[in-house]
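# Structural overview
What follows is each chain in one-letter form.
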Amino acid sequence: MKNVSDIIAQESFSKEELITLLQAEGQERKLLFDVAHARKIEFVGKQVYFRGLVEFSNICSKDCLYCGIRKSNEKVIRYEASDEEILGACRFAWENRFGSVVLQSGELSSPAFTERVDRLLKAIKQLSNEELGITLSCGEQSRETYQRWFESGAHRYLLRIESSTPDLYNQIHPQNVHHSFEKRLECLQLLKDCGYQVGTGVMIGLPFQTMEHLAADLLFLKKLDVDMVGMGPYIEHEDTPLYVFRDQLKTKQERFDLALKMIAALRLLMPDINIAAATALQAIDPAGREKALKIGANVIMPNLTPCDFRKEYQLYEDKPCLDEDAELCRNCLEARIEMAGGEIGYGEWGDSRRFINRRQGSSH
Ligand code: SAM
Ligand code: SF4
């Protein structure tokens, strides 16, 4: 059987080889992390890009079994940030040269919601002289809606597949047409067809999840040829149905460690994509995101959600930065990124090398 040092010298990996990487311990684990870091510097440089995250509404029509803001959680106070609040956060991002923002929310498909997002996109472009890049993360939508938002200024979209194994996907979602694996896949394809840079990802350490599932997830990301990946540990939330399986979970530390290995293995598998250091890493380890930057991630999403709303956007327990205002968050991040040996790509969109290479390839 091959060991880690044989495997990391390769450019492509079988499922079994990926499992070996995900199980690396001691010196082999260190080797995996060192090589992933070197591969990151070689392919995407040491720049770290900011995406200012604005969680503009927690109103959601879906009931994902893991998520704290699922429709059936009646303990959540629902909010919708005003246009002024959202645009104020985006103005802060622009003035502080963040380069890009991410507008994230629960999933709604009403005409009023579509219209509102559309209006906000145009307003953000206007307030920033067309300079701010905009990523959307508003769930599954129709082709027309994705197209409309793209034309109004969104150029990246995040839609996690959550798990690429249909059986596991079905175990963590209600069994109905509103939570269909096939629809999720179809949406990822629609987004690509519309011209978005597409980001997806999975949760790591879910109940019922095995190493085989995670290795299959990595191969799925490669096959889909995505531009960006955001993946982080699954963290339980007491007001969700999956909470009953909490005794079957790996420890939080083990989930954290597995998430780092997933990021490192992905950097070897897809060296020129953007990989985000997920906020959920920080919920387990205060320096979690910086650790991810050291082993392969190159994007970080400082939270710009107005403080009053943050406690109502609790996807999981111990979500960090609940009371840190945006200015404080920026200063603290800057110091942390420097400590992790990175350099902030201020004022840049920071598109993924993969996307740029693909576009250049297709224009020849
Ligand atoms: N509603 C949109 C969607 O589902 O794509 C965007 C917002 S949703 C809250 C963003 C992501 O949060 C999901 O894709 C999911 O992976 C993550 N998330 C939700 N609950 C989580 C949990 N308990 N632990 C870790 N991540 C979680
Ligand atoms: Fe809604 Fe997204 Fe949470 Fe699912 S993960 S319940 S779609 S906010």
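Above this note sits the structure.
Below: a short report on this structure.

To continue, consider the overall build of the protein chain. Of regular secondary structure, the protein chain possesses 15 helices and ten strands. For 364 residues, the compact-globule estimate of 2.2 N^0.38 gives 21 Å, and the protein chain sits close to it at 19 Å. Summarising its shape, the C-alpha atoms of the protein chain cover approximately 55 × 45 × 40 Å along the three principal directions. Of the contacts formed within the protein chain by residues at least 6 apart in sequence, a portion of 76% connects residues at least 24 apart. Split by element, the accessible area of the protein chain, about 15,000 Å² in all, is 51% carbon and sulfur. The distance from the centre of the 46 positive side-chain charges to the centre of the 55 negative ones in the protein chain is 2 Å.

The next thing to look at is the site of ligand 1. In the vicinity of ligand 1 lie 19 residues, with Tyr-66, Ser-105, Arg-160, Glu-162 and Ile-235 positioned nearest. In this structure, a nitrogen atom belonging to ligand 1 sits 2.7 Å away from a main-chain N or O atom of Ile-235. A distance of 3.5 Å separates a nitrogen atom of ligand 1 from a polar backbone atom of Leu-315. Burial of ligand 1 by the surrounding chains reaches 92%, relative to a free accessible area of 550 Å². Residue composition of the shell around ligand 1, by class: ten nonpolar, five polar and four charged.

Describing an aromatic ring pair means giving the distance of the ring centres and the angle of the ring planes. With the rule as written, the count across this model stands at twelve aromatic pairs. Seen from their ring centres, Phe-56 and Phe-113 are 6.1 Å apart, and the 15° between their planes marks the pair as stacked. Taken together, the positions of Phe-56 in strand β1 (residues 47-57) and Phe-113 in helix α5 (residues 111-127) put the pair 57 residues apart, joining distant regions of the chain. Both residues of the pair, Phe-56 and Phe-113, count as buried. Ring centres 5.0 Å apart and planes at 75° place the aromatic pair Tyr-146 and Tyr-157 in the edge-to-face group. With a gap of eleven residues between them, Tyr-146 in helix α6 (residues 143-151) and Tyr-157 in strand β4 (residues 156-158) connect regions that are remote in the sequence. Of the residues examined, Tyr-146 reaches a relative accessible area of 0% and is grouped as buried. Accessibility expressed as a relative area gives 0% for Tyr-157, which makes it buried. Aromatic ring contacts, followed pair by pair, group Phe-50, Phe-92, Phe-98 and Tyr-346 into a single cluster.

The backbone phi angle of Arg-97 is positive, close to 55°, even though this residue is not glycine. You can see Arg-97 is positioned in the loop between α4 (83-95) and β2 (100-105). When its relative accessible area of 48% is taken as the criterion, Arg-97 is described as partly exposed. The phi torsion at Glu-130 lies on the positive side, around 65°, for a residue other than glycine.

What follows covers the site of ligand 2. In the vicinity of ligand 2, the contacting residues are Cys-60, Lys-62, Cys-64, Tyr-66, Cys-67, Ile-69, Arg-70 and Gly-106. Of the residues in the shell around ligand 2, the class split is five nonpolar, one polar and two charged.

The end-to-end C-alpha distance of α5, which contains 17 residues, comes to 24 Å, matching closely the 24 Å that a straight helix rising 1.5 Å per residue would cover. Among all positions of α5, only Phe-113, Thr-114, Arg-116, Val-117, Asp-118, Leu-120, Leu-121, Ile-124, Lys-125 and Leu-127 are buried. Packed against the buried residues of α5 are β1, α4, β2, β3 (133-137) and α6. One or two steps after α5, the chain reaches Asn-129, where phi turns positive at roughly 50°.

Here the focus is the side chain of Arg-289. Tracing the backbone through its elements, the reader meets Arg-289 in helix α12 (residues 288-295). In this structure Arg-289 is buried but unpaired, with Glu-290 as the nearest side chain of opposite charge at 4.9 Å. A polar contact of 3.1 Å, which involves the side chain of Arg-289, links it to the side chain of Gln-282.

Our next topic: the pairing of strand β8 (residues 274-277). Here β8 shows two buried faces, one formed by Asn-274 and Ala-276 and the other by Ile-275 and Ala-277. Relative to β8, strand β7 (residues 228-233) runs parallel, the two being bridged by four bridges. In the sheet register, Gly-230 faces β8, and the bridge partner there is Ala-276. Between the parallel pair β7 and β8, the chain is carried across by helix α10 (residues 252-269), and the sense of this crossover is right-handed.

Turning our eyes to something else, we now look at the environment of Cys-60. Within the secondary structure, Cys-60 is located in the loop between β1 and α4. A residue is classified by how much of its surface remains accessible, and Cys-60, at 16% relative accessible area, is buried. For the pair Cys-60 and Glu-74, spaced 14 residues apart in the sequence, the C-alpha separation amounts to 12 Å. Those residues in contact with Cys-60 that lie beyond four places of it in its chain are Ile-69, Lys-71, Arg-78, Gly-106, Glu-107 and Leu-108.

α12 packs onto α10 with a crossing angle of 30° between their chain directions and a minimal axis gap of 9 Å. Considered as vectors, α10 and α12 are oriented roughly parallel to each other. With respect to the hand of their crossing, α10 and α12 are arranged in right-handed fashion. In contact with Phe-256, Leu-260, Ile-263 and Ala-264 of α10, α12 contributes Gly-288, Lys-291, Ala-292 and Ile-295. Of the residues contributing to the contact of α10 with α12, the split by class is six nonpolar, one polar and one charged.

Cut-offs applied
- Residues numbered from 1 in each chain as written.
- Chains lettered and ligands numbered in written order.
- Predicted model: local features only at pLDDT ≥ 70, side-chain atom pairs only at ≥ 80, totals over all residues.
- Heavy atoms only, no water.
- Helix = DSSP H or I, 4+ residues; strand = E, 2+ residues; numbered from the N terminus.
- Rg over C-alpha atoms; globule rule 2.2 N^0.38 Å.
- Contact = heavy atoms within 4.5 Å.
- Areas by Shrake-Rupley, 256 points an atom, 1.4 Å probe, with all protein chains shown as cover.
- Lys, Arg positive; Asp, Glu negative; His and termini not counted.
- Charge placed at Lys NZ, Arg CZ, Asp CG, Glu CD.
- Near = heavy atom within 4 Å.
- Polar contact = N/O pair within 3.5 Å; in protein donor to acceptor, adjacent residues only side chain to side chain.
- Nonpolar A, V, L, I, M, F, W, Y, C, P; charged D, E, K, R; others polar.
- Phe/Tyr/Trp six-rings, centres within 6.5 Å; stacked < 30°, edge-to-face > 60°.
- Buried < 20%, exposed > 50% of the residue type's maximum accessible area, 1.4 Å probe, protein only.
- Expected span 1.5 Å × (residues − 1).
- Salt bridge = Lys/Arg side-chain N within 4 Å of Asp/Glu carboxyl O.
- Pairing = 2+ DSSP bridges.
- Right-handed = clockwise from strand over helix to strand, strands pointing away.
- Axes fitted to C-alpha atoms, helices over the stretch in contact; angles between N-to-C directions.
- Parallel < 35°, antiparallel > 145°, perpendicular 65-115°, else oblique.
- Left-handed = near helix turned anticlockwise from the far one by under 90°.

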